[in-house]
Protein chains: 2
Amino acid sequence: MKLLIKNALILTVNPTNEVLENADIAVEDGRLLAVGKVPENFQADKVIDASDQIALPGLVNAHTHIPMSLFRNYADDLPFWPWLLEKIKPAEDHLSAEHVYWGAKLGVLELIQSGVTCFSDMYFYMNEVATVVKESGIRACLSGVLLEVGDLGPTFMKAAVDFHDSWHGKADGRINAFFGPHSMYLCGPEYLRETTEEALKRKSVIHIHLAESRQEVADCLEKYGKSPVQHLAELGMFACRTAAAHCVHVSADDIELLKQHKVSVLNNPTSNMKLANGFAPIDALLKKGVNVALGTDGSASNNNVNMFEEMHLAALINKAVTEDAESVPAQQVLRMATINGAKALGLENEIGSLEVGKRADLILLDANKPHYFPRHNPVSSIAYSAQAADVSTVLVNGQVLLENYQLKTIDLQETMQEAERMAFDLVRRAT
Amino acid sequence: MKLLIKNALILTVNPTNEVLENADIAVEDGRLLAVGKVPENFQADKVIDASDQIALPGLVNAHTHIPMSLFRNYADDLPFWPWLLEKIKPAEDHLSAEHVYWGAKLGVLELIQSGVTCFSDMYFYMNEVATVVKESGIRACLSGVLLEVGDLGPTFMKAAVDFHDSWHGKADGRINAFFGPHSMYLCGPEYLRETTEEALKRKSVIHIHLAESRQEVADCLEKYGKSPVQHLAELGMFACRTAAAHCVHVSADDIELLKQHKVSVLNNPTSNMKLANGFAPIDALLKKGVNVALGTDGSASNNNVNMFEEMHLAALINKAVTEDAESVPAQQVLRMATINGAKALGLENEIGSLEVGKRADLILLDANKPHYFPRHNPVSSIAYSAQAADVSTVLVNGQVLLENYQLKTIDLQETMQEAERMAFDLVRRAT
């Protein structure tokens, strides 16, 4: 399949952040054959006219729990423990594969509609999420969660290893299997060492929650005499490529360790605010040279998977926290949501920017709307005024998943109805 | 004109925050004749089927500078002084009535599309803004800005008085003329006293910027030996109903004064972050019983006039600042964007909730979209997951301004093109 996209304003997010006006893109065999000028002899099977549209790399949602779309608007304005123990966990206790399948499908549908072409997930029943990824055409890095709850540690470990070995590289290479130890407070040191070993053996990536709350840090200091970051560093986990979600409560020494071990930080502005954890020191992390990506977290602490909102927030919050209006400028935020996400997931040679040879994972925004006018600066418009609802077209691996706002691989009405039926069933069982 | 809206999920925002399922609304002569159950003998001229839609009071954008849509995405990631002196002011120096007309029209179009039925504005060439309000059908509270720049104080004062007396109550009562002294740092004590007198004589409202930056507070303390809030209180300004934008840097004593004098605070989360002023103490203000409304500020410091984003931010930011997940819950945020806005503008008996006898200023959101599913809680969905692009229908005074996403009173393409032409003209002159 050869595809030609014509007349777009292209934000390449390449190393020099090049912007190309009135430019074309050629796609062949799922990869970018040309960006800017297309060879005259390129014979397209399909042509998309992108006049008045902005083309950019598909967004990377670097930390989410996609089946938790089932709990959207279900448990809000609550402190963490009542949120978890009185609302979320009692419902999760009744999860079946079918619940997770439809929850994941609703979430993936929302990701595609809002311009995400790759997401990194951690949850239960990961086979179901992988099935949805396979069916929908999206790209994903999937981590079956690893927990030491009761005596279930070994069961989770076996499932994670099996999941990796069954799914890694599947769905035309769109599925990457990662290892997802939940956190240093739900996994003991020995378990974390074992996880690291399994991940290293498979040259995989570790996806973990880290330094999310004050309590996590205080408990870790009390138990181990060191911060969570230091704890993981000393356990040797960072020998494996690690993507750490949150990192809200990290010290200058922690930041130094993250930098030294090339740990990527997955920033979740909405979730950190909603659960009252605070503001991660993103300005300091970026200035230190740490790779910072963006994620939405799950819809139970968000309540959507809208990466445009996370971009707006990342650009805005850090200015207020540092009282420096130059902190985290527009271009930085666009990089966080694209190429930095790709780097965090070890996919920077394949996705994250529009460069020849990379996978054709890209989106078009319909910029013929009032909030793009006057058209002073397209990069600012992405960081500050663009809306998820402007995403008109989505390609992953060169396959069109959304065209002229229409989903091509998922049935919208069926998915909304079935996911709601599943969610209401869980709530009924839980209460 | 008799209008019937059928089968809506209604968020009334009445004193008990009643939610009505599968309910109807009858509109007659621009007012709400019935909310919930409609008399059987009601003969509608027009029926709107609102199945799968959420009806709520039109949003009130309580602080903006609507013609500044001309400067959207023009001056970003800059500290306040370079932002103002190197970018905004050089362009504003070339403003003409024509520039302001088209800038206002672009802004008002965006307000209508995103569910705002009433806005409170302060800017230059207010006759042009009033003309746009008259033509477009929206409701507004308009303040010609009052400044003591050079010897222009009296000129601005005369213009403000003339503006009030020409426009107050015009456009079927949709235009309210206010007095808009810019701030305590651009208006001297005597000028503020005179403004208060003119406003009191006309039973008008004062719309002012207050305690926006640390520098404003420091300078005021140095010059007058008191905080900006105390300064205005002692000048007697608060004898007039006052709506104060920002109030980021207010002390406990200031909050006490605001409460005592029934000053409304207009919170602008995006703008306060973007210009690095910080986070206003909204939790403390609300707990003290101060009326807090929401606004977008102008598009030069936002970069849109999207009240859904301000609602999300108000709900989220305050949880992080106070580290209390129960701070500013969903219902509170919905009130801030509706009835509290109406109160701030002295219009609480006319708009701000869906109650019989009030003006028919209401909006419908298309909730048949994935980010509303599962439908656990409609109020949460407004505060956390709804998007401006979900606004399908907008009524002001019973007149339909947007129906099935189509603007009825403004030409979309013409306005985007003309506003852009005006903006590029200003930039050319300024640089």
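For every chain, the first residue of the written sequence is number 1, and numbering continues from 1 onward in sequence order. Each chain is given a letter, starting from A, and each ligand a number, starting from 1, according to the order in which they appear as written. Residue-level local features of this predicted model are given only where pLDDT is at least 70; pairs of side-chain atoms are given and counted only at 80 or more, and the full residue set underlies all totals for whole chains, interfaces and linings. Hydrogens and water molecules were not included; the side-chain quantities draw on all heavy atoms of the structure.

Asks: Can you walk me through the overall build of chain A in this structure?
Replies: We count a stretch as a helix when DSSP gives it H or I for four or more residues in a row; a strand needs E for two or more, and each element gets its number in order from the N terminus. Within chain A, the regular secondary structure consists of 15 helices and 17 strands. As a reference, a globule follows 2.2 Å times the number of residues to the power 0.38, and the radius of gyration itself is taken over C-alpha atoms. For 431 residues, the compact-globule estimate of 2.2 N^0.38 gives 22 Å, and the C-alpha radius of gyration of chain A, at 21 Å, lies within 12% of that figure. Over its C-alpha atoms, taken along the principal directions, chain A stretches across nearly 65 × 45 × 40 Å. In chain A, which comprises 431 residues, the proportion classed as buried is 66%. Whether two residues are in contact is decided by their heavy atoms, any of which lying within 4.5 Å being enough. Across chain A, contacts joining residues at least 24 apart in sequence account for 73% of those joining residues at least 6 apart. As displayed, chain A offers around 14,600 Å² of accessible surface, 48% of which is attributable to carbon and sulfur atoms. If the 38 positive side-chain charges of chain A are averaged to one point and the 55 negative ones to another, these points end up 4 Å apart. Using a 1.4 Å probe on the protein chains alone, a residue whose accessible area is under 20% of its type maximum counts as buried, one over 50% counts as exposed, and one in between counts as partly exposed. Note on areas: Shrake-Rupley with a 1.4 Å probe; residue coverage comes only from the protein chains shown. Asp and Glu count as negative and Lys and Arg as positive, but His and the ends of the chain are not part of the count. We put the charge of a Lys on NZ, of an Arg on CZ, of an Asp on CG and of a Glu on CD.

Asks: How should I be thinking about the relation of the copies chain B and chain A in this particular structure?
Replies: The operation relating the two chain copies consists of a rotation about an axis and a shift along that axis. Under the fitted operation, chain B is carried onto chain A by 0.0 Å of movement along the axis and a turn of 180 degrees, and the coordinates agree to an RMSD of 0.0 Å. The symmetry that links the two subunits is that of a two-fold axis. No C-alpha of chain B approaches the rotation axis more nearly than that of B:Ala389, which lies at 3.2 Å. When the copies are superposed, the least-squares fit takes in the C-alpha atoms of residues with a pLDDT of at least 70 in both.

Asks: Can you help me understand empty space enclosed by the protein in this one?
Replies: Over the atoms a probe the size of a water molecule is rolled, and this reveals where empty space is left. Buriedness for pockets is judged along seven lines, at least five of which must meet protein on both sides within 12 Å for an open set on the 1 Å grid over protein atoms alone, while cavities are sets there where a 1.4 Å probe fits but cannot get out, and lining residues have an atom within 4 Å of a point. Grid points are joined across faces, edges and corners, and a volume is the space filled by probe spheres set on the points. A complete count under the given rule lists three cavities of 30 Å³ or more for this structure. In this structure, the largest cavity occupies an estimated 110 Å³ of space. In this structure, the largest cavity is lined by A:Glu309, A:His312, A:Leu313, A:Leu316, A:Tyr384, B:Thr270, B:Asn302, B:Glu309, B:His312, B:Leu313 and B:Leu316. Elements represented by at least two residues in the lining of the largest cavity include exactly helix 11 (307-322) of chain A together with helix 11 (307-322) of chain B. Basically, the charged four are Asp, Glu, Lys and Arg, the nonpolar ten are Ala, Val, Leu, Ile, Met, Phe, Trp, Tyr, Cys and Pro, and anything else, Gly included, counts as polar. Of the residues in the lining of the largest cavity, the class split is five nonpolar, four polar and two charged.

Asks: Could you clarify how one ought to interpret the pattern of salt bridges in this entry?
Replies: One speaks of a salt bridge when a side-chain nitrogen belonging to Lys or Arg is within 4 Å of a carboxyl oxygen belonging to Asp or Glu. Inspection of the entire model under this criterion finds 56 salt bridges over all chains. One salt bridge in this structure joins A:Lys319 and B:Asp77, with 3.0 Å as the shortest N-O distance. With A:Lys319 in helix 11 and B:Asp77 in the loop between strand 6 (59-64) and helix 1 (80-92), this residue pair bridges two chains. Comparing A:Lys319 with B:Asp77, the two get one shared label, buried. Across the salt bridge formed by B:Asp283 and B:Lys287, the nearest N and O atoms sit 2.8 Å from each other. Of this pair, B:Asp283 and B:Lys287 both sit in helix 10 (residues 282-288), four residues apart, roughly one helical turn. The exposure class of B:Asp283 is buried, given its relative accessible area of 12%. Among the residues examined, B:Lys287 registers a relative accessible area of 60% and is labelled exposed. Ionic contacts of the salt-bridge type, sharing partners, join the residues A:Asp165, A:Glu198, A:Lys201 and A:Arg202 into one network.

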